[in-house]
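Here is what each chain is made of, one letter per residue.
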Amino acid sequence: MEFRILGPVELWSSGQRHDLGQAKTRLVLAILLMTPGRPVTVESLVHKVWGDGPPPKARDSLYSHVARLRGSLNGTVHLRRHAGAYLLETDPENIDYHRFLKLRAQARESETTEHALRLYREADALHRGEALTGLTGSWAEQTREKIEGEVLDSRIERIELEIQHGQKPEDSAELVELVNKFPFREKLVELHMRRLCHEGRPTEALNAYNRARQELRELGTEPNPALQELHLRVLKNDPTLLPAPRKEAAPNTLPRDKQTFTGRTAELDQLVGFQARRDTVTVLAIDGMAGVGKTALAVHLAHRLTGDYPDGQLYLDLHGHDAQNDAMDPATALDRLLRDLGIPGKLVPNGLDGRAAMWRAELARRKVLILLDNAARHDQISDLLPGTPGSLVVITSRRRLAGLDDVHSLSLNVLPPEDGAVLLRRVAGPGRAFQEEGVASVVRLCGHLPLAIQLVGSRLKNRAAWDAADIAELLSRTRRRLPAIKAGNREITAAFELSFHALDERLKQAFWRLGLHPGADLTPESASALLDTSLTETEEILDEFVDHHLIDEPRKGRYRFHDLIREYALLLSDREPEASRTEVLGRAFDHYLLTADAADRLLYPYRARDPIEVPGSSPRVVEFSDTDQAHSWLEAELNNLVLVAHHATGHGWAKHAALLAYVLSRHLDLWGHWIEGATLHERAMVTWHELDDRPGLARAMTDLSVARWQTGQYDEALHLATEALEIQRTAADQKAVSYLLDHIGLVHWRHSEFDVAFGYFNQALSLRRAIGDRHGQADSLNHIAFIHSHRGNHLWAAECLWEAFGMCQEDADLRGQQVTMNNIGDVEISLGHYDKALRHYQQAASFDPHMGPQSEAIWLNNVANAYQGMGRYTDALEFYRKSFKGYQRIGDRGHEAGILNDIGSCYMRMGRSREALIHHQKAANISIEISDHYQEIVSLRSIGTIYRNTKKHEIALRFFKKALDLARSIGEIHQEARILDEMGSTLTPARETKQAE
């Protein structure tokens, strides 16, 4: 677990950032991180967090922030409370600020310049922007000022050491930047003047002094004596200001390390760890997609490790992906490397073998760092590797170099959002106050790709009037982002084109075809449909793309384009004939529609439906051997199926989308995807209406009605179902008519209109018996049992349910057995047989492993009811909470109200009236919102009982009276009887109290 302060306050574990929520929580963490292992009193924390005027309940707020922190920590870090104080127990090495202090102290004590400079640079690399970013208050401001001062002092010490020992970087941009940022820091001016003198530029050194003196005089002061003395020495051409003569320097052809380099801490640590061994030839290979920052990381690493390889640091671009140059052959590469190492050209052998032998012999007596950039393939570099330990080779490539043995490989991913934001700010330049939301949007629209962020940042840098939000708006409003991601004559598409042109013709065709895929990710089966190739050939193509980093495989068997790479593929597809694009999309739509239909028929064999047929050649359909495979495919592909349906609607395949919505309707309903389903069914209604397909329209209206019913929109559900019923009666589709009668009954049942619901359920049952629909009969019997239970006729309800269960058994309908056995358990609850009910629930769970989220939540709710009846309240509350979360996830408002009442009942039995009242009030609010009169009655009756138990008889009677009126209005006899009993119990003590007075 790693903590970061030198920038935004963050907590990282296993390379993943933890969201700590509120800024105050991050502030508490920062305070504790400044003194790890040492207690900080509660009073001190309150003062540092809120200053001199803390809010009235500051301590309570502090405890909640501490609790949130504890929830984010793992077992290696402990936040302890001790004697009115908190202390964070962790190794200071886990905190970047304390690592920084340690590295700086080690650098000051180091015996060698190279080692000291390396330590200073490691310390500098930990600074990722302004310390404690985003935190406010006097403590944060003072601490930030202190830390930033220490960071600046460390950089000054490192620069002074570089100048003293003749360590001259490629340019003095860093020092110039610091002088401009801190013009009154005279030590910086002094170092700047000395560096200019070392570089033979005394006139510029005098100009720098004059500028500093002028700025200081404006403040009413003069340069300090040290700076004045240096000025005199420059005027006298003091020879000691020139760099001391040095022995011939080792060759160094590395490109300069970018000042804007950002992040990659974990990757750098991993690479540094790989190169630590000295008993083998160390080869590090960094691969990744175009623009991900491979070269920047490799160059940064090489500069960081320069001191470990004193005999030279060599850089060679192998032009593996270069529009102007062919890939460099090994012989030419060796000639360049040998000459860079100092071998005269006339001594370099002519042939590859001779050059390779000389290269290995030279490296055998040296410690050299070799950076081979932009490799095309493994055979391009195998002859360039050392034969003996001691040197380090770093390779970058857009391809995975699987052909190289004994190589430490690192596949580079895009930047985390936080590092992407830091990079954008650095590239755009200091002093730009961008809103965090705008920066985050730009980084996201750039796909977190470093090159894209660099280009967009450069555009911002050159447009002082622009804000990050302006670039974000530009990127989001265009149909394609790629043309807008550019700076000057540099465009992001140029990087992608180099990768594309390296492909053979077969892969080029496959690339744009896969780019047309309308879903979030690909499988070999869906890719096979797009490419019209065999599964074996498709898998080979996908492997090639993975090796080229043109596609990623985040999970086994599932492939995904980076956003910008996919846009590039779409850009290429625009150049293809429209007929070709239509053919590719058609194969994809056919694949998803027919495979979904096959899975649906296997999972839900009792649905009434016509066969799905598509014109053209035989489509590619996944074959399922059992229901487990069908269920797994539907769950894995559901997001894609929804996206495919939306895409088909907008691209001339509306009928495919409408059919797909119908095929998926049962699965979407059972697994609680009602919002997604409603959108698909609404669009399907429009399509069937435009096609003048009345049965299709009725099916879509039915499916939408079910989705509306599940989300508590009962009036619209009833309207849709009634219209669909008229259409199906006209079409004489008796099975559809019986289904709609039963569904309308369910809508009235949820509306607490039990008599009306009972009538519809009986009509549905009669029709289903007439047409021999046994599965439908079982459903209707289950629903009729609901009404009997509401009326208190529990034995009749049980009779209906056992008849339904027998039908499901005979038909081997596991799902039907599960639902019915669960409902039998409910009857036993009503009869007070809690042990027997629990056994029924446990038996129900064993029937079908594919219990949907709504069914699972209902099952958990029912088990909790049994536990409550048995007096096992703690177990009941645990199951209630799990069930409630399930209802919330799928948006089942009706059941939410019911379980809130159940939880309230449990708390009331436990004597916790306050918690009970809160839950019943919440249930009442939801019930009123969705017009669920039954649950509203239960809520009102329960609230009345709570007030009666607390001797507030008048208030209790008001709630009982309201509940009674509502129960009588819907014919809820069982609840009416309970309310009257409660009212009687309330009136008797109320009268006794009044008489006593």
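Counting of residues starts from 1 at the beginning of each chain's written sequence and follows it residue by residue. In keeping with the predicted nature of the model, local features appear solely for residues at pLDDT of at least 70, side-chain atom pairs appear and are counted solely at 80 or more, and the whole-chain, interface and lining totals rest on all residues. Side-chain numbers here rest on the full set of heavy atoms in the structure, without hydrogens or water.

A. Representation of the overall build of the protein chain in the model. Helix and strand assignments come from DSSP, with helices taken as H or I runs of at least 4 residues and strands as E runs of at least 2, each series counted from the N terminus. Summing up its helical and strand segments, the protein chain has 42 helices and 15 strands in all. For the protein chain, the spread of C-alpha atoms along the three principal axes comes to 110 × 85 × 55 Å. When accessible area is computed with a 1.4 Å probe and restricted to protein chains, residues below 20% of their type maximum are described as buried, those above 50% as exposed, and intermediate ones as partly exposed. The 997 residues of the protein chain split such that 53% are buried. Throughout, a residue-residue contact means that at least one pair of heavy atoms, one from each residue, lies within 4.5 Å. Taking the intrachain contacts of the protein chain between residues at least 6 apart in sequence as the baseline, contacts between residues at least 24 apart amount to 66%. Computed by Shrake-Rupley with a 1.4 Å probe, the accessible areas treat only the displayed protein chains as cover when residues are assessed. With an accessible surface of roughly 45,000 Å², the protein chain has 49% of that area assigned to carbon and sulfur atoms. For the charge count, each Lys or Arg is scored as positive and each Asp or Glu as negative, with His and the chain ends excluded. Taken as the charge centre is NZ of Lys, CZ of Arg, CG of Asp or CD of Glu, depending on the residue. Once the 121 positive and 140 negative side-chain charges of the protein chain are each reduced to a mean point, those two points are 5 Å apart.

B. The arrangement of the sheet that holds strand β6 (residues 85-89) in detail. A pair of strands is labelled paired if DSSP reports no fewer than 2 bridges between them. Across the sheet, which stays open at both edges, the three strands sit in the order β4-β6-β5 with antiparallel pairing between neighbours. Every other strand in the sheet has two partners, leaving β4 (40-41) and β5 (78-82) as the edge strands with one partner each. The pairing of β5 with β6 spans five bridges and is antiparallel. Looking at β6, one finds that His82 is bridged to Ala85.

C. Examining the side chain of Arg144 more closely. Checked against the element boundaries, Arg144 lands in helix α6 (residues 138-164). The class of Arg144 is buried, set by a relative accessible area of 6%. Here a polar contact is taken to be a pair of N or O atoms separated by no more than 3.5 Å, where protein atoms must pair a possible hydrogen donor with a possible acceptor and residues adjacent in sequence count only if both atoms sit in side chains. Among the polar contacts made by the side chain of Arg144, one reaches the main-chain carbonyl oxygen of Leu132 at a distance of 2.8 Å. Those residues in contact with Arg144, other than ones at most four positions away along the chain, are Glu130, Ala131, Leu132 and Leu135.

D. Summary view of the nonpolar core. Ile492, Phe496, Phe511, Leu514, Phe545 and Trp633 are the most contacted members of the largest nonpolar core, which totals 139 residues. With 10 residues, the single largest contributor to this core is helix α24 (residues 578-603). Apart from the residues lying within four places of it in its own chain, the contact partners of Ile492 are Leu449, Leu451, Ala452, Leu455, Leu482 and Ile485. Residue types Ala, Val, Leu, Ile, Met, Phe, Trp, Tyr and Cys, when buried and joined through side-chain atoms within 4.5 Å, form a set referred to as a nonpolar core. Grouped together as the second largest cluster of nonpolar side chains are 75 residues, Cys808, Leu860, Phe879 and Ile903 included.

E. Expanded view of the confidence of the model for the protein chain. A residue's pLDDT is the predictor's confidence in that residue, given on a scale from 0 to 100. Chain-level pLDDT for the protein chain is 89 on average; 96% of the residues reach the 70-or-more range. Between the elements of the protein chain, mean pLDDT differs from a low of 70, seen in strand β3 (residues 16-18), to a high of 96, seen in helix α29 (residues 714-731). Across residues 993-997 the pLDDT falls below 50, and counting only partners more than four positions away or on other chains, this stretch makes zero contacts in the model.

F. Representation of the sheet that holds strand β11 (residues 408-411) in the model. On the basis of which strands lie adjacent, the open sheet formed by five strands has the order β8-β9-β10-β7-β11 and parallel pairing. Both outer strands of the open sheet, β8 (313-317) and β11, are each paired with one neighbouring strand and no more. Across this sheet, the average inter-strand angle for adjacent strands is 15°, counted without regard to direction. In the sheet, β8 pairs with strand β9 (residues 369-375) via five bridges, with the strands oriented parallel. Bridge pairing in β9 links Asp317 to Asp373. Axis lines are fitted to C-alpha atoms, over the contacting stretch for helices. Their N-to-C directions set the angle, which ranges from 0 to 180 degrees.

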